[in-house]
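Here is what each chain is made of, one letter per residue.
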Amino acid sequence: MILTEICELLDIKYPIIQGGMAWVATAELAGAVSNSGGLGIIGAGNAPVEVIEQEIKKAKKLTQRPFGVNIMLLSPYSEDIVELVCSENIPVVTTGAGNPGKYMGKLKNKGIKVIPVISSVALAKRMEKQGADAVIAEGHEAGGHVGELTTFTLVPQVVDGVDIPVIAAGGIGDGRGLAAALSLGAKGIQMGTRFICTQECTVHINYKQAIMKAKDRSSTITGLTTGHPVRILKNKLARQFKKFEDNGISIEDIEKLGAGSLKNAVIDGDVDFGSVMAGQISGIIKDISKTSQVIEQVIKDAENTIDKLKRMSDKDE
């Protein structure tokens, strides 16, 4: 059994957190992950508070285990979502796209564990000073909004830079990834793309099939000129983004091109002109499994990988 302090901190069986993907991380997926021993997350994205309230109520019917909410701090509804998670006694909040500092006191006073997603050592240190319970160090390999550093280089530097637990994210989709993250000093992992290809995930089947067809170089980064780069699978939308950026089209027009494109992919199944956010790990995902099977396999493979390393070490001695 792989037990770390993250398991105790979040009251979960396995040190696995589900990514808070907008439009993707619904109550159905969050409930399935929590029921399977991980920490399910509802992704608030840019959704208004009444939508997330319904997702929370649905998740509470689906699982008796802890689950969390991801708050995208750039959302115009972020303050309302903070009030909602406090009133609904959500035990864990992950945050992205901003600094949760101004909400930290209110969340902590309600006993909510706050775990920001970070992409640098400096930001991790700042979050620790502000009272974060842990940080999610997310590398460049992840789907959706990304930073500059790879997971393999970011995680150990963050581990060395803070005293709170570090959760590794970006490019992790199986037990080998969990074992690698633990060897880098992380206390757990966050997976996003792998959970998209599960039976409980409600995204359009076209989205899942696009991930399963992907290879190692099937993703690309868009929106670099806007200051908010996003990793998506290569398609007609990605080519249009590149054309706009290569020709110096205004940031406003580039952002307009992306507006609503994630919903188009997730809900409508438009994988040509929709934004199919997925990480570089897509190339190893070849099936749609039950969430419980995914988590059980990740843990089993991680334990086997660790055992092999131990045997190699014993043999060398």
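Refer to the structure printed above.
Okay, so let's go over this structure. Source: prediction; values computed, not measured.

## Description of the nonpolar core
Ile16, Val69, Val85, Leu107, Val158 and Tyr207 are the most contacted members of the largest nonpolar core, which totals 74 residues. Once residues within four sequence positions are removed from consideration, tyrosine 207 is found in contact with Ile196, Leu262, Ala265, Val266, Val271, Ser275, Val276 and Met277. The next biggest cluster of nonpolar side chains, apart from the first, holds 13 residues, and it includes Cys7, Leu10, Ile136 and Ala169.

## Some thoughts on the sheet that holds strand β7 (residues 144-145)
In spatial order, the strands read β7-β11-β10; together these three strands make up an open sheet with antiparallel pairing. The strands lining the two open edges of the sheet, one partner per strand, are β7 and β10 (219-222). In the sheet, β10 pairs with strand β11 (residues 230-233) via four bridges, with the strands oriented antiparallel. When the bridges of β11 are listed, serine 219 appears paired with leucine 233.

## Digging into the packing of helix α4 (residues 78-87) against helix α5 (residues 101-109)
At a minimum axis separation of 10 Å, α4 and α5 run at an interaxial angle of 10°. With respect to α5, the element α4 is oriented roughly parallel. Contact residues: α4 offers Ser78, Glu79, Val82, Glu83, Val85 and Cys86, while α5 offers Tyr103, Lys106 and Leu107.

## Notes on the pattern of salt bridges
If you walk through the whole model with that rule in mind, you get 11 salt bridges. Close ionic contact of aspartate 174 with arginine 176 constitutes a salt bridge, the shortest N to O distance being 2.6 Å. The buried category is assigned to aspartate 174, whose relative accessible area is 16%. According to the relative accessible area criterion, arginine 176 is exposed, its value standing at 54%. One salt bridge in this structure joins lysine 242 and aspartate 246, with 2.7 Å as the shortest N-O distance.

## Comments concerning the environment of proline 76
Relative to the helices and strands, proline 76 is located in the loop between β3 (67-72) and α4. By relative accessible area, proline 76 is classed as exposed at 67%. Distance in space between the C-alpha atoms of proline 76 and alanine 265 is 22 Å, their sequence separation being 189 residues.

## Quick look at the side chain of threonine 198
Tracing the chain through its elements places threonine 198 in the loop between α9 (193-196) and α10 (205-213). Each residue touching threonine 198, except ones within four places of it in the same chain, is listed here: Leu29, Lys208, Ile288, Ser289, Thr291 and Val294.

## So, unusual backbone geometry
Backbone geometry at aspartate 11 places phi at a positive 60°, although glycine is not the residue there. By the secondary structure assignment, aspartate 11 is in the loop between α1 (5-10) and β1 (16-18). If you check the backbone angles, tryptophan 23 has positive phi at about 70° while not being a glycine. Tracing the sequence through the fold places tryptophan 23 in the loop between β1 and α2 (27-35).

## Section: the packing of α2 against helix α3 (residues 49-62)
Relative to each other, α2 and α3 sit at 35°, their axes nearing to 9 Å. For the crossing formed where α2 meets α3, the hand is right-handed. Taking contact as the criterion, the partners of Ala27, Glu28 and Asn35 in α2 are, on α3, Glu55, Lys58, Ala59 and Leu62. Of the residues contributing to the contact of α2 with α3, the split by class is three nonpolar, one polar and three charged.

Rules and cut-offs
Counting restarts for each chain: residues are numbered from 1 in the order of the written sequence. Where totals are concerned, whole chains, interfaces and linings use all residues; where local detail is concerned, this predicted model gives features only for residues with pLDDT of at least 70, and gives and counts side-chain atom pairs only at 80 or more. Only hydrogens and water are removed before side-chain values are computed, so all heavy atoms of the structure are retained for them. We call a set of buried residues a nonpolar core when its members are Ala, Val, Leu, Ile, Met, Phe, Trp, Tyr or Cys and they connect through side-chain atoms within 4.5 Å of each other. Using a 1.4 Å probe on the protein chains alone, a residue whose accessible area is under 20% of its type maximum counts as buried, one over 50% counts as exposed, and one in between counts as partly exposed. Residue contacts follow a heavy-atom distance rule, with two residues in contact if any of their heavy atoms lie within 4.5 Å. Strand pairing is defined by DSSP finding a minimum of two bridges between the two strands. Under the scheme used here, helices are H or I runs from DSSP no shorter than 4 residues and strands are E runs no shorter than 2 residues, and both carry numbers assigned from the N terminus. Note on geometry: axes are C-alpha line fits, over the in-contact stretch for helices, and angles between N-to-C directions span 0 to 180 degrees. Every angle not falling under 35 degrees, over 145, or within 65 to 115 is termed oblique; those three ranges are roughly parallel, roughly antiparallel and roughly perpendicular. For this analysis, a salt bridge means a side-chain nitrogen from Lys or Arg found within 4 Å of a carboxyl oxygen belonging to Asp or Glu. What makes a crossing left-handed is the near helix being turned counterclockwise from the far one by less than a right angle; a clockwise turn instead makes it right-handed. Only Asp, Glu, Lys and Arg are considered charged, only Ala, Val, Leu, Ile, Met, Phe, Trp, Tyr, Cys and Pro nonpolar, and every remaining residue, Gly among them, polar.

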